Amino acid sequence: MEIAYFLGCIMNNRYPGIEKATRILFDKLDIELKDMEGASCCPAPGVFGSFDQTTWATIAARNLAIAEEMGADIMTECNGCFGSLRECDHLLKENPAKKDEINAILAETTDKQYKGETKVRHMAEILYNDVGLDKLSEMFTKDLGINVAVHYGCHFLKPTAEVGIEESAENPTILDELVEITGAKSVPYKNKMMCCGAGGGLRARDIDVTLSYTKEKLDAMAEAGVDAIVEVCPFCHLQFDVGQTEVNAKYGTDFAFPVMHLAQLYGLAMGLSAEELTFDAQLIDAAPVLEKLA
Amino acid sequence: MSVLDTLKSLIGGAKKDIDKNLTKEAESVEEAADSIQTSSEEEIEIKSDSETISEEEPLEAEAPAEEEIIVPVEEEEAPEEEAEEEVEAEEAPVEEEAVEEAVEEVPEEEVSLDEEEESTDDKLSEDEESLEVAVEEVAEEEASEENEESDNMTLLKENDIYSMDDIDKEFTQKFVDAGIETVDHCFQCGTCGGGCPSGRRTPYRVRQIVRKCLLGLREEVVSDPALWMCTTCYTCQERCPRSVKIVDIIKMARNEAAKAGYMADSHKATGSYVIKFGHGVPINDKTKDLRKAIGLDELPPTVHSHPEALEEIQKICTACEFDKLIGFNMETGELE
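What you see is a predicted model; the values in this text were computed from it and never measured.

Examining helix α14 (residues 265–277) of chain B
Consideration 1: With 13 residues, α14(B) ought to run about 18 Å at 1.5 Å a step, and its terminal C-alpha atoms sit 18 Å apart, in line with that.
Consideration 2: Of the residues making up α14(B), those classed as buried are B:H267, B:T270, B:G271, B:S272, B:V274, B:I275 and B:F277.
Consideration 3: Of the surrounding secondary structure, the elements contacted by the buried residues of α14(B) are α3 (45–51) and α11 (202–205) of chain A together with α16 (307–319), α17 (322–326), β1 (328–329) and β2 (334–335) of chain B.
Consideration 4: B:G278 sits one or two positions beyond α14(B) and adopts a positive phi of about 80 degrees.

Here's what the structure looks like:
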């Protein structure tokens, strides 16, 4: 199996340990991750989609066209990239006039055309549906006996009518199942399906509102008594890592939940070191929780 | 005229709710006052007691904030207690209970005020006036007079009324043309706002924005800073019983707001990163080192490794006039 690996921005440009773990995992699973040479920002759905739909859709369609030229489906492990590329693909398939408009701009500015021949997929969904929990479990050498707060994020499952991974986003299980095969326990907590607060350009526009969201989530996680946060979106990852220190500074709290992308959690289960997973470069110190594992 | 009436009834819907609430509040105050009156018929001295309350009232009623409505009542107990010593001790608890009961109802009604109405402050001061009046003129007050008081509050001020000049049909058409014809399916149930995480901490009222988009109230929609308080989390859209593509509506409205010049500097900056680097979050030296240390290529195989790809992104931005939209000068490579 081959797949076009879409990196996006935050994972590869801020938290490369997520990329490292993913490359190692897929190598073990014998799935070839093919680099999308010259891919750009997805671009962010809530931000660029909010500014100018045509610019947003053209840049996204260019990324889709790169995968089409490679003859492969796209895999991303960022909810934002997934949302943006998937939504653009959906828009251009539903709206032929928009497709023609975007292709005209692409013809004028690049040598690429959007044809609608690639499928946009999220890493978590590929692991769940194509690989399966049993085969995944075989990759792991270490039992992770920690309690974690699973954060789904917004653009992984929603809008369910278009995405179709789960029928409803009110009480999904896909991510909890993917987490629990490592031995980690997914602890229920209040407002589990709520947004981290960073999306839609809100983090850039009004950090206070964003932090108010994040604090609500962190309060609920603290109440549930978790050791760490696990998510499948580098932007949520950034918000829970950097944002957690910002919440602490603003509200005088002392939250200290290490943040782990699913790929990093799997990295730990495969026995990779904290350095390889770049936990040591994150703002919230993961050492206390990692010691618990040792 | 009929359009105006429809508009008034649609947008003024919330106001009617408030009037209902106010009437209820007035009724409950009356209840309290009635019981005061009942007791004053039995004991003449009590009458002076109720006067004590009404003298205290204006002072406390000056507080404008809604939450403080609860406070004055708790404080009200103090003068009553003092009065208790002057009057028969047995009678006092009855009044206290009655007043408390009446006031307990006020905050409950306030919740709906909070949710739906922006100009709560005005309403509240009027509201307090009616409280005051009710207590002072309890004995003579008739139900009809109470209604008159509420009727006055239904009068719209000049700037509360929409005219055809506020309506931009093309604005609504933009949503339909963009494939979001579901904007027309909304029946204003409010499920969207009920689950909205932004609505419970900011003035963002998603149901109201959807309505305004359908009515074509362009200027009100695009100039509202609350439009930018949505994180596009899709909770509203997921729960919408009419399958309205709410997030698409919000994003399209923001597109129009951006065109009209309502774009935050911080957003222009984010936009400029994509023109400059091809990424909203470009690489930095720290991450380059980190990548190298764990055996990844120092630069990812994205536009960062392909200058010709960055050129394409820049051409796209120019062709779409995104540079002009955010005020980016391609010559200097900076925001203006």
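The structure having been displayed, the exposition proceeds.
Remarks on the sheet that holds strand β1 (residues 2–5) of chain A
Residues and elements named next belong to chain A.
Consideration 1: The strand order across the open sheet formed by 4 strands is β2-β1-β3-β4, and the pairing between neighbours is parallel. The open sheet has two edge strands, β2 (32–35) and β4 (120–122), and neither has a second partner. Sheet twist, expressed as the average angle between the axes of neighbouring strands with direction ignored, equals 40 degrees.
Consideration 2: Alignment of β1 against β2, held across 4 bridges, turns out to be parallel. Paired with I3 across the bridge in β2 is L33.
Consideration 3: Sheet contacts for helix α7 (residues 123–131): β3 (74–76) and β4; angle to β4, the most-contacted strand, approximately 80 degrees.

Things to note about the nonpolar core
Consideration 1: In terms of nonpolar packing, the biggest core is built from 148 residues, with A:F6, A:A61, A:L85, A:V148, A:I229, B:I246 and B:A253 touching the most fellow members.
Consideration 2: With 9 residues, the top contributor of residues to this core is helix α4 (residues 53–70) of chain A.
Consideration 3: Leaving out residues up to four positions away in the same chain, A:F6 has contacts with A:M36, A:A39, A:N63, A:I74, A:M75, A:T76, A:C81 and A:L85.

Considering the interface of chain B and chain A
Consideration 1: If you look at the interface, chain B gives 50 residues, while chain A gives 58 residues.
Consideration 2: Those elements that place two or more of their residues in the side of chain B that touches chain A are α12 (235–239), α13 (246–259), α14, α15 (285–293), α16 and α17 of chain B.
Consideration 3: Looking at which element gives the most residues to the side of chain B that touches chain A, the answer is α16(B), with 7 residues.
Consideration 4: Across the side of chain B that touches chain A, the residue classes tally to 27 nonpolar, 16 polar and 7 charged.

Let's talk about the confidence of the model for chain B
Consideration 1: Averaged over every residue, the pLDDT of chain B is 73; residues scoring 70 or more account for 54%.
Consideration 2: Listed scores for the predicted complex are pTM 0.77 and ipTM 0.97.

The rules we used
Residues numbered from 1 in each chain as written. Chains lettered and ligands numbered in written order. Predicted model: local features only at pLDDT ≥ 70, side-chain atom pairs only at ≥ 80, totals over all residues. Helix = DSSP H or I, 4+ residues; strand = E, 2+ residues; numbered from the N terminus. Expected span 1.5 Å × (residues − 1). Buried ≥ 20, exposed ≤ 12 C-beta atoms within 10 Å, placed from the backbone. Contact = placed C-beta atoms within 7 Å. Pairing = 2+ DSSP bridges. Axes fitted to C-alpha atoms, helices over the stretch in contact; angles between N-to-C directions. Core = buried A, V, L, I, M, F, W, Y, C linked by C-beta atoms within 7 Å. Nonpolar A, V, L, I, M, F, W, Y, C, P; charged D, E, K, R; others polar. pLDDT = per-residue confidence, 0-100.

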